[in-house]
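Here is how the chains run, residue by residue.
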Amino acid sequence: GYNDTLMPNQRSFKVALLAGLFSCLAAGLVFVSCSTIPPSTGDILRAGFTELRATAVAAITDASRRERYLEHSRQLESEMLAFESYAAGFVDEYRLAFTDYATDAAELERLSAAFRQRQRATQDRFVELHLAMAGTLTETEWRPLSKQESKIIESLLRATPGSKG
């Protein structure tokens, strides 16, 4: 598979890169989920993953590997949609707490810490599923699918106010 060709230090770099990328996406999801700019983050994710799966069906020749890839992609989409929903709820909750005169710093920190914890867990799951998806592919199959994954990320970043995506 694709991961078998990477040296250990390249795998570590890739995991770190994906973790950093997810942090940027998580911040973007918070902003986009608050935005009134259509389409919604959920719409962007659903459309991107639909296109990703169509590309996978065309690119992955082995039926067993294709089904594993598709299952991982459905899990990844589900994780990202769940985080997007959580992030939108967090923004609402934080906004209410922030504008409440009686809210103290400890409460704001508690809310922020809970968000960071959820973000980190989702980030770890994102990397795990991405690597599982890559592990089902040959290098040749990986090329069009990694481009499609990049398109999803770019679409999210473009939809994020103030991003350079």
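Every chain begins its residue count from 1, and numbering advances along the sequence as written. The model is predicted, so local features are restricted to residues of pLDDT at least 70 and side-chain atom pairs to those at 80 or more, both for listing and for counting; the totals for chains, interfaces and linings are taken over all residues. The basis for every side-chain value is the complete set of non-hydrogen atoms in the structure, without hydrogens or water.

## Some remarks on the packing of helix α2 (residues 41-59) against helix α5 (residues 139-159)
Comment: axis = line fitted to C-alpha atoms, over the contacting stretch for helices; angle = value between 0 and 180 degrees taken between N-to-C directions. Numbered from the N terminus, helices here are DSSP runs of H or I no shorter than four residues, and strands are runs of E no shorter than two. α5 packs onto α2 with a crossing angle of 170 degrees between their chain directions and a minimal axis gap of 9 Å. Judged on the interaxial angle alone, α5 and α2 are roughly antiparallel. Contacts from Thr41, Ile44, Leu45, Gly48, Phe49, Glu51, Leu52, Thr55, Ala56 and Ala59 of α2 reach α5 at Glu141, Pro144, Leu145, Gln148, Glu149, Lys151, Ile152, Ser155, Leu156 and Ala159. In this count, Pro and Cys sit with the nonpolar residues alongside Ala, Val, Leu, Ile, Met, Phe, Trp and Tyr, while Asp, Glu, Lys and Arg are called charged and the others, Gly among them, polar. Classifying every residue of the contact of α2 with α5 gives eleven nonpolar, five polar and four charged. If an angle is under 35 degrees, it is roughly parallel; if it is over 145, roughly antiparallel; if it lies from 65 to 115, roughly perpendicular; otherwise it is oblique. Any two residues whose heavy atoms approach within 4.5 Å at even a single point are treated as in contact.

## Quick word on the environment of Thr41
Examined against the element boundaries, Thr41 turns out to sit in helix α2. Taking the C-alpha atoms as reference points, Thr41 and Leu81, separated by 40 residues in sequence, lie 8.3 Å from one another.

## Considering the environment of Pro144
By secondary structure assignment, the location of Pro144 is in helix α5. Along the sequence, Pro144 and Leu52 sit 92 residues apart, while their C-alpha atoms lie 9.1 Å from each other. Contacts of Pro144, omitting those with residues within four sequence positions, involve Thr55 and Ala59.

## Here we look at the pattern of salt bridges
A pairing counts as a salt bridge when a side-chain nitrogen of Lys or Arg comes within 4 Å of a carboxyl oxygen of Asp or Glu. Taken as a whole, this structure holds 15 salt bridges when the rule is applied. Here Arg95 ties to Asp92 by a salt bridge, and the two come within 3.7 Å at their closest N and O atoms. Taken together, the positions of Arg95 and Asp92, both in helix α3 (residues 63-99) and three residues apart, correspond to about one turn of that helix. Judged by its relative accessible area of 46%, Arg95 falls in the partly exposed class. Whether a residue is buried, partly exposed or exposed follows from its accessible area with a 1.4 Å probe, protein chains only, as a fraction of its type maximum: under 20%, in between, or over 50%, in that order. Judged by its relative accessible area of 43%, Asp92 is partly exposed. Of the charged contacts, one joins Arg143 and Glu139 as a salt bridge, the two residues approaching to 3.5 Å between their closest N and O atoms. Note that Arg143 and Glu139 are positioned in helix α5 at a spacing of four residues, about one turn of the helix. The partly exposed category is assigned to Glu139, whose relative accessible area is 41%. Where salt bridges share partners, they join Asp62, Arg65 and Glu141 into one cluster.

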